[in-house]
Structures are given as C-alpha cells and as structure tokens.
Amino acid sequence: MSDRRPRGATDPVPRERSGAIGRRYPRTGTEPATARSPLRLRLLLSAVFLPLFAAGAAFFGVWAADTGPGDSPGRDTLVALAAVCAALALLAAADLVAVRRRLRRERGSTPPGR
C-alpha cells in the first residue's frame, strides 16, 4: 500500500528529449521521435540578419532625423521602419543567444564561470 502514488500524480517526463518546459502533449505517432530544430541554420540566419536589421534601424533612424516637413516618405513612416528593424534585430539577438545556449547544452559543456 505504501508504493501507491498520490491521486493525480504522473511519471516525470524525461528531460533529454522534452525541451525546457516538458512535453506539452502526448505523441500521436505521426511525428518523428527525434525531430530537431535546424540549429546551425538558425545560428547562421541570426548571425546574418542581426547586423542587417541593426544597420537598417540606424539608417532609418538617421534618415528620419534628417527629414523635414513635407518630405516624402514622412518622418512617421521612417520612425516606424526604424522601430520594426530594431524589433527584428532584438528578435535575432535573442534567437542567437538561445541557439548558442542550446548548442552548448547539447555538446555537454558549461559556460566559463559556472
């Protein structure tokens, strides 16, 4: 009787294939058991687009600062483009950090100082 689990208890999800927060839904059998994100491609795309979007944000920001009344495109449009480029640069930077962390974890090494 002591080996019975409390009501509602479930077996723990193995962490090696479950991701950071565990499996969200049970496998249906149609997806591959070892499906993986193409991390190297994500790393390459993030590394390429981070400086491009940062340069675009700077370019549109400087252009918006130089725009006078009645110029086309207007200042508001250029500020919006600069904000979109800055948001995409932040997204690329966050993805770059996440991919590097996952690659480091898969290799089994720990970052210096930890």
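Residues numbered from 1 in each chain as written. Predicted model: local features only at pLDDT ≥ 70, side-chain atom pairs only at ≥ 80, totals over all residues. Heavy atoms only, no water.

Caption draft 1: Up close: the pattern of salt bridges. Going through the model one piece at a time under the given rule, you end up with one salt bridge. Among the salt bridges present, the one from Asp95 reaches Arg42, with a minimum N-O distance of 2.4 Å. Taken together, the residues span a long stretch of sequence, with Asp95 in helix H2 (residues 75-107) and Arg42 in helix H1 (residues 39-66) at a distance of 53 residues. Looking at Asp95, the relative accessible area reads 22%, which means it is partly exposed. Since its relative accessible area comes to 24%, Arg42 is described here as partly exposed. (Salt bridge = Lys/Arg side-chain N within 4 Å of Asp/Glu carboxyl O. Helix = DSSP H or I, 4+ residues; strand = E, 2+ residues; numbered from the N terminus. Buried < 20%, exposed > 50% of the residue type's maximum accessible area, 1.4 Å probe, protein only.)

Caption draft 2: Spatial organisation of H1. In this model, H1 (28 residues) spans 40 Å end to end at C-alpha, consistent with the 40 Å of a helix rising 1.5 Å per residue. Burial in H1 covers these residues: Leu39, Ser46, Gly56, Ala57, Phe60 and Ala64. Where the residues of H1 are buried, they touch H2. (Expected span 1.5 Å × (residues − 1). Contact = heavy atoms within 4.5 Å.)

Caption draft 3: How the structure looks around H2. In this model H2 runs 48 Å from its N-terminal to its C-terminal C-alpha over 33 residues, within 8% of the 48 Å that 1.5 Å per residue would give. For H2, the complete set of buried residues consists of Leu78, Ala82, Cys85, Ala89, Ala92, Leu96, Val99 and Leu103. At its buried positions, H2 is contacted by H1.

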